[in-house]
Amino acid sequence: MKKTFLAIIASAAFMLGCGEAGVQSDISQNVEIDPINVQLSVPTILVGQRVNQTPPVNVSTGVIDISSDEFSEYLSDATRFTVNEITFSIENFPSGSEADLDISADISIAGGAPVDLLSTVVTDAQNNVTDVVLYPAGSANAAGIAALEQALLNGQSFEMDIELVGRDVLLAQSTIDFDLIFKFDVTARVQFD
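As the structure is a computational prediction, the values presented were derived from the model and not from experiment. (Residues numbered from 1 in each chain as written. Predicted model: local features only at pLDDT ≥ 70, side-chain atom pairs only at ≥ 80, totals over all residues. Heavy atoms only, no water.)

Novice: Explain the overall build of the chain to me, and be specific about the residues and the numbers.
Specialist: Each helix and strand counted, the chain has 2 helices and 10 strands in total. Counted from the first residue to the last, the chain has its helices and strands arranged as α-β-β-β-β-β-β-β-β-α-β-β. Among the 193 residues that make up the chain, the fraction classed as buried is 38%. Of all intrachain contacts in the chain linking residues separated by at least 6 positions in sequence, the fraction that spans at least 24 positions is 83%. Surface accessibility of the chain: about 10400 Å² in total, with carbon and sulfur atoms responsible for 51%. (Helix = DSSP H or I, 4+ residues; strand = E, 2+ residues; numbered from the N terminus. Buried < 20%, exposed > 50% of the residue type's maximum accessible area, 1.4 Å probe, protein only. Contact = heavy atoms within 4.5 Å. Areas by Shrake-Rupley, 256 points an atom, 1.4 Å probe, with all protein chains shown as cover.)

Novice: Could you give an account of the side chain of serine 89, with specific residues and numbers?
Specialist: Position of serine 89 relative to the elements: it lies in strand E5 (residues 78-91). A polar atom in the side chain of serine 89 sits 2.9 Å from the backbone nitrogen of aspartate 131. Each residue touching serine 89, except ones within four places of it in the same chain, is listed here: Val129, Thr130, Asp131, Asp179, Leu180 and Ile181. (Polar contact = N/O pair within 3.5 Å; in protein donor to acceptor, adjacent residues only side chain to side chain.)

Novice: Can you tell me about the environment of glycine 111, naming the residues and giving the values?
Specialist: Structurally, glycine 111 is set in the loop between strand E6 (98-109) and strand E7 (115-122). The class for glycine 111 is exposed, based on a relative accessible area of 72%. On a C-alpha basis, the gap between glycine 111 and phenylalanine 158 in space is 7.1 Å, while along the polypeptide they are 47 residues apart.

Novice: Explain the pattern of salt bridges residue by residue, including any values.
Specialist: The full count for this structure, using the stated rule, is 6 salt bridges. Among the ionic pairs, aspartate 168 bridges to arginine 50, the shortest N-O distance being 3.3 Å. In this pair, aspartate 168 is assigned in strand E9 (residues 158-170) and arginine 50 in the loop between strand E2 (36-41) and strand E3 (51-53), connecting sequence segments 118 residues apart. Note on arginine 50: relative accessible area 44%, which makes it partly exposed. We note a salt bridge from lysine 183 to aspartate 131, for which the minimum N-O separation is 3.2 Å. Taken as a pair, lysine 183 in strand E10 (residues 175-192) and aspartate 131 in the loop between E7 and strand E8 (132-135) lie far apart in primary sequence, 52 residues in all. (Salt bridge = Lys/Arg side-chain N within 4 Å of Asp/Glu carboxyl O.)

What follows is the structure in structure tokens.
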């Protein structure tokens, strides 16, 4: 009896939700961009010694084309995109080395002018930081998030340019490599007629 009642309620809710406007649905994806390889260096004479700060390192995601990923089939029916969460992880930080990292990222929509997206300080990057929340935790710029959401809705490509500065650095060799990985939890509101 309970199953029949629940089926009737669910059917009624679905029919009322359709109406003349069609059906609305939220489709969520957790999109992981390709790992960004980062190199952090100190002069050979400073290997094994603590360094207050390294010169800035600039890296980029390259162009990210939303029309070629998981949302491509819904772009024509999307009425809104919402960025729910942005996280990052650090992988393959070499053992025996230590660093805190200042990370700043800008976003450029379809090759336009860069807009601040987020900034954060990673303490002890050597501890292989995993899925650290950058948004909505407060380290993201609202204008940058809005620009990203609009780009997703318009099906525009975007690119993230990232600047890293090592602080309180102790490297076991003059240059180390590690990967920085960003993930975006995004919801598309889709209107089917």
